Amino acid sequence: VKGFFSDTMPKHKGGQGGIGPIAILRMDGDMFASTSDILYALYESLEVGGFVIIDDWFIHQCRMAVLLFRQKQGISDTIHNIDGQAAYWRKGEDVVVNHDEYLFMREQGFSMYEEGLGKGGAVKDYWKFAHEMEIPQEASWFK
């Protein structure tokens, strides 16, 4: 599908555009907004036992989008570092995604979240963001 994630993903959410259950959700979104677009559009279509692979885990904006999504949706499945660049987790249970949160963030242009990351996503901003969002600071998430 050609186009920006924000324009194409919602149209292809499970049951609305022909994408049914999926086993592997491999994301290469780079930034906060595009990573959020993917997760909010497709996570419910991922089968329990399926895998989420984040190619850009080393990019702080991407990591923050993942951590915020997981925190807001109550996802506690362990995140595994692959090679310092990418990470994955296995979906342990069905989750009903709160799309109202996503629509609010998109309406705000994600600015309230991205501003907290600072320019260039410095490491110190990760810890500030994690603390403000009350995200557990598990060592395996940051290695």
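Residues numbered from 1 in each chain as written. Predicted model: local features only at pLDDT ≥ 70, side-chain atom pairs only at ≥ 80, totals over all residues. Heavy atoms only, no water.

Some remarks on the pairing of strand β2 (residues 46-54)
Item 1. In the sheet, strand β1 (residues 22-27) pairs with β2 via five bridges, with the strands oriented parallel. Across the sheet, the residue bridging to Ile22 is Leu46, located in β2.
Item 2. What joins β1 to β2 is helix α2 (residues 32-42), and the crossover it makes is right-handed.
Item 3. Inspection of the sheet shows β2 paired to strand β4 (residues 87-90) by four bridges, in the antiparallel sense. Across the sheet, Val52 pairs through a bridge with Trp89, a residue of β4. (Pairing = 2+ DSSP bridges. Helix = DSSP H or I, 4+ residues; strand = E, 2+ residues; numbered from the N terminus. Right-handed = clockwise from strand over helix to strand, strands pointing away.)

Some points on the sheet that holds β4
Item 1. A sheet is described by the order of its strands in space; here four strands give the open sequence β1-β2-β4-β3, paired in mixed fashion. Either end of the sheet is taken by a strand with one partner, and the two such strands are β1 and β3 (80-81).
Item 2. Of the pairings in the sheet, the one linking β3 to β4 comprises two bridges and is antiparallel in character. In the strand pairing of β4, His80 is matched with Tyr88.
Item 3. In this fold α2 packs onto β1, β2 and β4, with an angle of close to 170° to the strand it touches most, β1. (Contact = heavy atoms within 4.5 Å. Axes fitted to C-alpha atoms, helices over the stretch in contact; angles between N-to-C directions.)

Looking at the nonpolar core
Item 1. Counting 31 residues, the largest nonpolar core has Leu25, Met27, Tyr43, Val52, Ile54 and Trp89 as the members making the most contacts within it.
Item 2. Where this core is concerned, the elements lending two or more residues are β1, α2, β2, α3 (60-73), β4 and α4 (99-107).
Item 3. Here the element with the most residues in this core is α3; it accounts for seven residues.
Item 4. Discounting chain neighbours no more than four positions away, the residues touching Val52 are Leu25, Met27, Tyr43, Leu46, Ala87, Tyr88 and Trp89. (Core = buried A, V, L, I, M, F, W, Y, C linked by side-chain atoms within 4.5 Å. Buried < 20%, exposed > 50% of the residue type's maximum accessible area, 1.4 Å probe, protein only.)

Side note on the pattern of salt bridges
Item 1. Within the structure shown, the criterion is met by one salt bridge.
Item 2. A salt bridge links Arg26 to Asp55; its shortest N-O distance comes to 2.9 Å. Of this pair, Arg26 sits in strand β1 while Asp55 sits in the loop between β2 and α3, and the two are 29 residues apart along the sequence. (Salt bridge = Lys/Arg side-chain N within 4 Å of Asp/Glu carboxyl O.)

Description of unusual backbone geometry
Item 1. Of note, Asp30 is a non-glycine position whose phi angle comes to about 65°, a positive value.
Item 2. Relative to the helices and strands, Asp30 resides in the loop between β1 and α2.

Observations regarding the confidence of the model for the protein chain
Item 1. Taken residue by residue, the protein chain gives an average pLDDT of 76. The fraction at 70 or more is 69%.
Item 2. Averaged pLDDT values for the elements of the protein chain fall to 39 in helix α7 (residues 139-142) and rise to 96 in β2.
Item 3. Overall, residues 118-127 carries pLDDT values under 50, and its contacts beyond four positions in sequence, including any with other chains, amount to 18 contacts.
Item 4. Predicted confidence for residues 133-143 stays below pLDDT 50, and this span has 27 contacts to residues more than four positions away or in other chains. (pLDDT = per-residue confidence, 0-100.)

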